[in-house]
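# Structural overview for review
Listed below, chain by chain, are the residues.
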Amino acid sequence: MDLTIYRFLFRNAGAERTRILASTLVSGAANAAFMVVVNSVARDFSQISVRFFLMFIACLLAYVLAKKYALLETSRVVQHNLSQTNLRIIDKARKLGLDDFDRIGAQTIYRSLLEHNEIIYESSRMAVSASSGAVMLLFSSAYIYILSPVAFWIIALVLVTGIVIYQSLQAQTSAALRDFQANEERFFGILDHFLHGFKELKINHRKEHDLYENFLTTTLHKTDALKFKTEQGFVSSIILSQTLFFMLMGAVVFILPNYELTTPETTIAIVAVVLFVAGPIGIIVDSIPMLSKSRMAIDSLQRLEQRLEESDDLTSDQPVAPLESFEQISLHQLLYTYTKDRQALFSLGPLDLTIEPGQLLLVTGGNGSGKTTLMKLLAGLYFPQGGSISLNGKPLKRSDYGQYRSLFAAIFTDFHLFDRLYGYRQTDVEQVDRLLRRFQIADKTTYRQVLGFDNLDLSTGQRKRIALICALIENRPICLFDEVAADQDPPFREFFYREFLPELKQQGKTIIAISHDDRYFDVADHLVKLDCGRTQSPEKE
């Protein structure tokens, strides 16, 4: 039996581990004692007495109470361990650098937590029942030995033979289960392309047909085949257990009487014991598939946790006082390169840039020129692979980045819009309402302190206006805007460049915005033009 779930269950369980083990032992022993009492009365009805009846009731109560306690406490401990594991994974995820987060993928973290938790939780209950059954089986074996040592050794030989065969089947099943899990991950990766690329596939039948027929369908068929192979292993284990049961019955019924190794009364008693333990044996065998799946789930969570730990960006995770201002940010020979399989795909830099408080800096350039990468480097989301970023004349170390990032409020092209003002939930509702009206979106959504925004099912341009409101509420010294005006109607775009950005500048904010609107380049103090990852010093307009 796989013990991975037990190690997970009892990790950090403390004194509760002893109580769960004790209650599981009591439930199994009580079940065995229940069987002995029934068997004793059945062999000689003249022994029926109040004493045996009270023993019967005592065994029943001990079994029910102990089994209930074991199951409930196991559920509580496993849920606590799962919660702690989830929190550790999420805590390590928030310490990732953005580049490592992108490599691991949000879906990998999300699916791991979503899928594996339920498997582990369900298998923990089966593990308790299987353990209780194993204890009952152990005591029953001892009872058989008391009745007939010869019968015990015959039964032991049959069981050992079955265990050897089972181990061979289990090794094959585990390998098939690993292959199934890997292929299932590939399938969901392709399905992700199908779902998120639905618009592109809808207008290109050739692309849709290729993805559906040659990738989704074939991968799913392979997944089905591997799943069937896995189930074949589990079914073989179930059939093996039933076959062993019949072999045990055959050994007791045909071998013992024919060789006069036991009396008829003893043979009947042993048959009764074998019949009685059929239930616990069935529970043990039925738990095998779930315990195997739980091992894969726990291993997967542990691998994810280890991967996250190895990708820690090593910045300080201690709370730091946010910076209210700065004197100068300078980039010196800054370099960042995207790689795949150790091959360089694109490089930004080396470049030099100086940013002063109160500047309005516009960044422009063609698609793929490195504008967003520059913004992520400026915001401290990516770490330079060459050169340096200096704050107030002092080059940043990794331990400085936590505080450095507090300078920025950012809206990227792939921004996420939160349902409420996390970290700023005490913001005056009237202030938010004024901004909603000013940004001409008060008729689309409202804000409440407890519930947050009541509607975020909006167009991209409208969602960007709410993101602007959130950035204003954060009130950071530097605002990073990545093509915020790109999805706006002409009147709002005019408002954004001619009123909103100059107003922020008058408030002392430093604005760094990516823009393709050359009609509004005149509002900038400086214009940075990027081309293939290279730039010169900011040009004065």
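Scroll up to find the structure.
Overview of the structure. Quantities reported herein were computed from a predicted structural model and do not represent experimental measurements.

### A look at the packing of helix H13 (residues 460-474) against helix H14 (residues 490-506)
- Orientation of H13 relative to H14, taken along the N-to-C sense of each, is 5°, at an axis distance of 14 Å. Taken together, the axes of H13 and H14 are roughly parallel relative to one another. Taking contact as the criterion, the partners of Arg465, Leu468 and Leu472 in H13 are, on H14, Phe492, Phe496, Phe500 and Leu504.
- Looking at side-chain class alone, the contact of H13 with H14 contains six nonpolar, no polar and one charged residues.

### A closer look at the side chain of Lys464
- Its place among the elements puts Lys464 in helix H13.
- Side chain to side chain, Lys464 and Asp487 meet in a polar contact 2.7 Å long.
- What Lys464 contacts, discounting residues up to four positions off in sequence, is Phe415, Glu483, Val484, Ala486, Asp487 and Gln488.

### Notes on the sheet that holds strand E1 (residues 329-340)
- Sheet architecture is open: four strands sit in the order E2-E1-E4-E5, paired in antiparallel fashion. Two strands bound the open sheet, and with one partner strand each, they are strand E2 (343-355) and strand E5 (394-395).
- Pairing between E1 and E2: nine bridges, direction antiparallel. Within E2, the position partnered with Leu331 by the bridge is Leu353.

### A few points about the packing of aromatic side chains
- Evaluation of the coordinates by the stated rule reveals 24 aromatic pairs.
- With a centroid separation of 4.8 Å and 75° between ring planes, the pair formed by Phe383 and Tyr401 is classed as edge-to-face. One end of the pair, Phe383, is in the loop between helix H10 (371-378) and strand E4 (386-391); the other, Tyr401, is in helix H11 (residues 401-404), and 18 residues separate them in sequence. Exposure class is identical for Phe383 and Tyr401. Each is buried.
- The interplanar angle of 50° and the centroid separation of 5.4 Å between the aromatic rings of Phe492 and Phe495 together place this pair among those described as tilted. In this pair, Phe492 and Phe495 both sit in helix H14, three residues apart, roughly one turn of the helix.
- Using a relative accessible area of 11% as the deciding quantity, one classes Phe495 as buried.
- Sitting over the face of the ring of Phe383, Arg398 holds its NZ or CZ atom 3.8 Å from the ring centroid.
- One residue, Arg465, lies across the ring of Phe492, its end atom 4.1 Å from the ring centre.

### Section: the nonpolar core
- Grouped together as the largest cluster of nonpolar side chains are 41 residues, with contacts concentrated most on Leu468, Phe481, Phe496, Phe500 and Leu501.
- If you list the elements that add at least two residues to this core, you get strand E3 (360-365), strand E6 (408-411), helix H12 (429-438), H13, strand E9 (478-482), H14 and strand E10 (510-514).
- When near neighbours in sequence (up to four residues on either side) are disregarded, Phe500 contacts Phe439, Leu468, Leu472, Phe481 and Phe495.

### Thoughts on empty space enclosed by the protein
- Taken as a whole and assessed by the stated rule, the structure comprises one cavity of 30 Å³ or more.
- Lining the largest cavity, in full, are Phe8, Arg11, Thr85, Arg88, Ile298, Leu301, Gln302 and Glu305.
- Elements with a minimum of two residues in the lining of the largest cavity: helix H3 (50-93) and helix H9 (264-310).
- No other element matches H9, which puts four residues into the lining of the largest cavity.
- Looking at side-chain class alone, the lining of the largest cavity contains three nonpolar, two polar and three charged residues.

Calculation rules
- Residues numbered from 1 in each chain as written.
- Predicted model: local features only at pLDDT ≥ 70, side-chain atom pairs only at ≥ 80, totals over all residues.
- Heavy atoms only, no water.
- Axes fitted to C-alpha atoms, helices over the stretch in contact; angles between N-to-C directions.
- Helix = DSSP H or I, 4+ residues; strand = E, 2+ residues; numbered from the N terminus.
- Parallel < 35°, antiparallel > 145°, perpendicular 65-115°, else oblique.
- Contact = heavy atoms within 4.5 Å.
- Nonpolar A, V, L, I, M, F, W, Y, C, P; charged D, E, K, R; others polar.
- Polar contact = N/O pair within 3.5 Å; in protein donor to acceptor, adjacent residues only side chain to side chain.
- Pairing = 2+ DSSP bridges.
- Phe/Tyr/Trp six-rings, centres within 6.5 Å; stacked < 30°, edge-to-face > 60°.
- Buried < 20%, exposed > 50% of the residue type's maximum accessible area, 1.4 Å probe, protein only.
- Lys NZ or Arg CZ within 6 Å of the ring centre and 35° of its normal.
- Core = buried A, V, L, I, M, F, W, Y, C linked by side-chain atoms within 4.5 Å.
- 1 Å grid on protein atoms, 1.4 Å probe; cavity = no way out; pocket = protein on both sides within 12 Å on 5 of 7 lines; lining within 4 Å.
- Points joined across faces, edges and corners; volume = space filled by probe spheres on them.

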